[in-house]
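A look at the structure
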Amino acid sequence: MSILTAPRLRRPGTDWPGYSLAVEEPLRLDCGVEFGGFTIAYQTYGTLNPERSNAILICHALTGDQYVADPHPLTGNPGWWTTLVGPGGVLDTERYFLICANALGGCMGTTGPRDSNPATGEPWALDFPVITIRDMVRAQKRLIEHLGIDQLFCVIGGSMGAMQALQWASSYPDAVFATVPIAGAARHSAQNIAFHEVGRQAIMADPDWSGGRYLTLGRSPSRGLAVARMAAHITYLSEAALHRKFGRNLQDRNAVTYGFDADFQVESYLRHQGSTFVDRFDANSYLYITRAMDYFDLAAEHGGSLPAAFAGNQPRFCIVSFTSDWLFPTAESRALVHALNAVAANVSFVEIETDKGHDAFLLHEPELFATLRGFLSGCAEHRGLTRFWT
Amino acid sequence: MNRSAALPRDVGAPERATVAPAVAELRRDLRLIADMIEPGARVLDIGCGDGALLAYLAREKEVDARGIELSQSGVNAGVRHGLSVIQGDADRDLEAFPDGAFDVVVLSQTLQATRQPRQVLEELVRIGRQAIVSFPNFGFWRIRLRLLLRGRMPATELLHNSWYDTPNIHLCTIRDFVALCDELGVRIERSLTLDRHGRPYSLDPRGSLANLLAEQGVFVLSGKRTKPGTDPPRAAR
């Protein structure tokens, strides 16, 4: 049980590699709060062309960050989409200017509950306003305006990133030429809210969470956060993938021990996932960002009509789902396709066969790469982007 | 700010032009359909396969080309080639489109594989100002002869599957099709009957001769708009 016991502390205010933008003018958040004086941390790859027409905004998932193709500053692991980003890659840095910002409420440089509340000088903790996916997108819009970009060539993301991509298309259709929501949905399902609630309760049940004030008190709810991650991680995989990877194999032993150590490889794997996660993620950020996903419901913003969320001028869409994704199943993507058909939007939809579950969008999935490459190339042609624009 | 240059290159296939199969490879019946479509039209091809017709139309006629295809490989091929294709089928995925969403809706060699051909036909003329439908004629003399002489389910070049694994569950003759159009009040604007080689006959599609000699029929249809006066949303970009 050792992996869940050692409390780890990270110091707020760490200087993260990359760029940051200080936003002074307040954002009006969905919860009603005027939120000003915050920071957006972001990374860029490639070069913005003189017409400023080749920018792709990459939106990260729940526990992702802006280090798309850089080593993670805390873990040293390669960026989460290094498979896609690079010269000649699907997200071709010789053709596109890639931007990825840490989401509002996050813990990798963009202002979140870990950072200092100017009113008290202490970490915000639960005094941080509850944010939504739309609020995250509003903050990203500020960044895009700051960069002098009127229209993004593309907004792309998986999971929570897909939600943000859809929100962009709905809120700022003229500011987006193409949208690629991968393994996403137009709303968070009851089952997904339920899983998030389990994670949040695990964090809040950890005595070290201390009502959210763990940083002020010098504590760390690592055990709760690790359990939250373990539970969530199962939902990112599939029964078939877990079986293929671990089966009932035992961990460094020949027989079960009739105890509660990690007898099975799958247990050991999950414990590892939990214990490494707490080194890089803030427990309160996890509460806030899961909440933002729970509140996401594009149709609800438009009187219950999903087509109404995409009325008017729409960007081009490429919607991707995975056969074994039970967190954001294909049915969710198909509902989205039907809503877009209802407004005659230009939409492509591909369901990719894989046993890798929800996490497939982060993994080596050649069909995904080929789909994205084809879609982006087609859009680039329509948008008049050449590969060697220099 | 240091930008990592050491990025992987082994990402999918090399850069490719956004064009699908060459013009010469376009099937003759598809070519006939393509010739019926005005440049710049909004076109939906249902059961678009690998997107050959769409790619041709997009390139040669600058149409706003969309497709629906059941097979994942077909959809992926289309999207890989820069076409707008959704995975779906005629039975399930037409309902969502608004009236008159397209100038032309194409259903090529697919009607006989739908679960509800009657409803599909109604949907086609609802969502398209025109619908172009082609299908194999089960009244073709070779088919009649094989059934008569051999007593086995007939197989032709167009209908080559065995009875137990054929996707063609609702076969009809040209006469059957015309009767259904009449019943539904669907207007036949134009029709072509094609021989075994995809060459058009100059035969009246309502006549017995066409029903006997043609291996397939191509029909241009239109129907009444269900909600007259409503402006369909224009397809975007």
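To continue, consider the overall build of chain B. Broken down by element type, chain B carries eight helices and eight strands. Buried residues in chain B amount to 46% of all 237 residues. Long-range pairs, those at least 24 residues apart, make up 65% of the contacts in chain B between residues at least 6 apart in sequence.

This part is about the pairing of strand β3 (residues 84-87) of chain B. All names here are of chain B. Here β3 shows no split at all, with Ser84 and Ile86 on one side and Val85 and Gln87 on the other all buried. Bridge analysis of strand β2 (residues 64-69) against β3 gives four bridges, and the strand direction is parallel. Paired with Arg66 across the two strands is Ser84, which belongs to β3. Tracing the backbone out of β2, into helix α3 (residues 72-80) and back to the parallel element β3 gives a crossover that is right-handed.

This brings us to helix α1 (residues 133-146) of chain A. Residues and elements named next belong to chain A. Taking 1.5 Å per residue, 14 residues should reach 20 Å; α1 reaches 20 Å between its end C-alpha atoms and fits that length. In terms of burial, α1 is largely enclosed, as 10 of its 14 residues are buried. Residues of α1 that are buried: Ile133, Arg134, Asp135, Met136, Val137, Arg138, Ala139, Gln140, Leu143 and Ile144.

Residue and element names in this part refer to chain A. Domain annotation for chain A reports domain 1 (2-8 + 192-291) and domain 2 (20-188 + 313-383). The C-alpha-based centres of domain 1 and domain 2 are spaced at 26 Å. If you look at the interface, domain 1 gives 24 residues, while domain 2 gives 28 residues. For the side of domain 1 that touches domain 2, the secondary-structure elements that each account for two or more residues are α3 (190-205), α4 (222-236), α5 (239-245) and α7 (283-295). The leading source of residues in the side of domain 1 that touches domain 2 is α7, at six residues. For the side of domain 1 that touches domain 2, the class distribution of residues is nine nonpolar, nine polar and six charged.

All names here are of chain A. For the pair α1 and helix α2 (residues 160-171), the least separation of the axes is 9 Å and the interaxial angle reads 70°. Classified by the angle between their axes, α1 and α2 sit roughly perpendicular to one another. Residues Ile133, Arg134, Met136 and Val137 of α1 lie in contact with α2, whose contacting residues are Met163, Gln164, Gln167, Trp168 and Ser171. Partitioning the contact of α1 with α2 into residue classes produces five nonpolar, three polar and one charged.

Cut-offs and rules
Residues numbered from 1 in each chain as written. Chains lettered and ligands numbered in written order. Predicted model: local features only at pLDDT ≥ 70, side-chain atom pairs only at ≥ 80, totals over all residues. Helix = DSSP H or I, 4+ residues; strand = E, 2+ residues; numbered from the N terminus. Buried ≥ 20, exposed ≤ 12 C-beta atoms within 10 Å, placed from the backbone. Contact = placed C-beta atoms within 7 Å. Pairing = 2+ DSSP bridges. Right-handed = clockwise from strand over helix to strand, strands pointing away. Expected span 1.5 Å × (residues − 1). Domains from an automatic or database assignment. Nonpolar A, V, L, I, M, F, W, Y, C, P; charged D, E, K, R; others polar. Axes fitted to C-alpha atoms, helices over the stretch in contact; angles between N-to-C directions. Parallel < 35°, antiparallel > 145°, perpendicular 65-115°, else oblique.

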